[in-house]
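Here is what each chain is made of, one letter per residue.
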Amino acid sequence: MTAAPAQSLEWKLPSTRKVAVISLIVTESALFTIFLVAYLFYMGRSLNGPYPSEVLTFPLMATIALLSSSVTIVFSEMALHRGNKAAFHVWWAITIGLGAYFLWFTGMEWKHLIFTENLTLATNVFGTTFYSLVGLHASHVIIGLFLLTLILILSLLGKIPADHREHIEMISWYWHFVDAIWIVVVTVVYIISIRY
């Protein structure tokens, strides 16, 4: 009886795209950590109001929308892997809509805080750290929405060949990162600091 040929366990370099996106996520995580530590360090140190408990309310619908967009982007990827372009487009568009709702909510919250509650960057330490941290997250949502919209447009125009699935997967990774960061931000800003 002859032995089965040994399988070649040749090592291959990881995808450069995946390495790049992982590196980006690690770097951005470090940046968010700096902003979160600053927020926590200065929490409760404002000498004058308004204070978080006076002006912030938990953004329930915005949080549900953003976290749901992580589910819809997974559905979109699954549809793409099955070769169902129509379902891919629908789920991808829903993801964009949920992200856009989140961004709209953030804009309305800021409008209320600035014009009704008189909370600006210069008002107090809370205003400075709040807008810096939440604004940093919002800027990442804007970048993510730009990438998502670009992919949708290019896909609808037939400009994304089947072998570009990894590009879409990398944008999905970035979007999941944005959602995961929001869980930390919403916990620190809207739960911990309101009760502090």
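Please refer to the structure placed before this passage.
These lines cover the structure that appears in this document, whether it is placed above or below.

Thresholds, definitions, all that
- Residues numbered from 1 in each chain as written.
- Predicted model: local features only at pLDDT ≥ 70, side-chain atom pairs only at ≥ 80, totals over all residues.
- Heavy atoms only, no water.
- Helix = DSSP H or I, 4+ residues; strand = E, 2+ residues; numbered from the N terminus.
- Buried < 20%, exposed > 50% of the residue type's maximum accessible area, 1.4 Å probe, protein only.
- Contact = heavy atoms within 4.5 Å.
- Areas by Shrake-Rupley, 256 points an atom, 1.4 Å probe, with all protein chains shown as cover.
- Lys, Arg positive; Asp, Glu negative; His and termini not counted.
- Charge placed at Lys NZ, Arg CZ, Asp CG, Glu CD.
- Salt bridge = Lys/Arg side-chain N within 4 Å of Asp/Glu carboxyl O.
- Expected span 1.5 Å × (residues − 1).
- Bend = angle between axes of the 7 residues up to and from the residue.
- Phe/Tyr/Trp six-rings, centres within 6.5 Å; stacked < 30°, edge-to-face > 60°.
- Axes fitted to C-alpha atoms, helices over the stretch in contact; angles between N-to-C directions.
- Parallel < 35°, antiparallel > 145°, perpendicular 65-115°, else oblique.
- Nonpolar A, V, L, I, M, F, W, Y, C, P; charged D, E, K, R; others polar.

1. As for the overall build of the protein
Scanning the protein from N- to C-terminus turns up six helices and zero strands. The secondary structure elements of the protein, listed N-terminal to C-terminal, are α-α-α-α-α-α. Dimensions along the principal axes, computed over C-alpha positions, put the protein at roughly 85 × 40 × 25 Å. When the 196 residues of the protein are sorted by exposure, 39% land in the buried category. When contacts within the protein are restricted to residue pairs at least 6 apart in sequence, those whose partners lie at least 24 apart make up 82%. In the structure as shown, the protein presents an accessible area of about 11100 Å², 70% of it carried by carbon and sulfur atoms. Computed over 10 positive and 10 negative side-chain charges, the inter-centroid distance for the protein is 6 Å.

2. Looking at the side chain of threonine 106
Mapped onto the secondary structure, threonine 106 falls in helix H4 (residues 85-115). Classification of threonine 106 by relative accessible area gives buried; the value is 6%. With residues up to four places along the chain from it excluded, the contact list for threonine 106 reads Val134 and Ala138.

3. Side note on the pattern of salt bridges
Evaluation of the coordinates by the stated rule reveals one salt bridge. Of the charged contacts in the structure, one is a salt bridge between arginine 17 and glutamate 166, with a shortest N-O distance of 2.7 Å. Taken together, the residues span a long stretch of sequence, with arginine 17 in helix H1 (residues 16-42) and glutamate 166 in helix H6 (residues 165-195) at a distance of 149 residues.

4. What about the environment of leucine 36?
Among the structural elements, leucine 36 can be located in helix H1. Sequence separation between leucine 36 and serine 132 is 96 residues, and the spatial gap between their C-alpha atoms is 9.7 Å. Leave out the neighbours within four places in its chain, and leucine 36 touches Leu133, Val184, Val185 and Val188.

5. What to know about H6
Quick reminder: α-helices carry 3.6 residues per turn. Residues three or four places apart thus point the same way. Along its 31 residues, H6 runs 44 Å from first to last C-alpha, staying within 8% of the 45 Å computed at 1.5 Å per residue. The largest bend in H6 amounts to roughly 30° and is located at threonine 187.

6. Some points on the environment of histidine 176
With respect to the element layout, histidine 176 can be found in helix H6. Look at histidine 176 and you get partly exposed, because its relative accessible area is 27%. In sequence terms histidine 176 and valine 71 are 105 residues apart; their C-alpha atoms lie 9.2 Å from each other. With residues near it in sequence (within four places) discarded, histidine 176 still touches Ser70, Ile73 and Val74.

7. Overview of the packing of aromatic side chains
According to the stated counting rule, one finds twelve aromatic pairs in the structure shown. Considering the side-chain rings of phenylalanine 102 and tryptophan 182, the 4.8 Å spacing of their centres and the 80° angle between planes classify their relative orientation as edge-to-face. Taken together, the residues span a long stretch of sequence, with phenylalanine 102 in helix H4 and tryptophan 182 in helix H6 at a distance of 80 residues. Neither residue differs from the other here; phenylalanine 102 and tryptophan 182 are each classed as buried. Their ring planes at 50° and their centres at 6.4 Å tell us that tyrosine 174 and phenylalanine 177 sit as a pair that is tilted. One end of the pair, tyrosine 174, and the other, phenylalanine 177, are both in helix H6, three residues apart, so they sit about a helical turn from each other. Residues tyrosine 174 and phenylalanine 177 agree in their burial class; the two are buried. Among the aromatic residues, ring-to-ring pairing joins Phe102, Trp110, Phe126, Phe130, Tyr131, Trp182 and Tyr190 into one connected group.

8. Quick look at the packing of H1 against H6
Where H1 contacts H6, the axes come no closer than 11 Å and their chain directions differ by 10°. As summarised for this structure, H1 and H6 are arranged roughly parallel, according to the angle between their axes. Looking at side-chain class alone, the contact of H1 with H6 contains 17 nonpolar, three polar and five charged residues.

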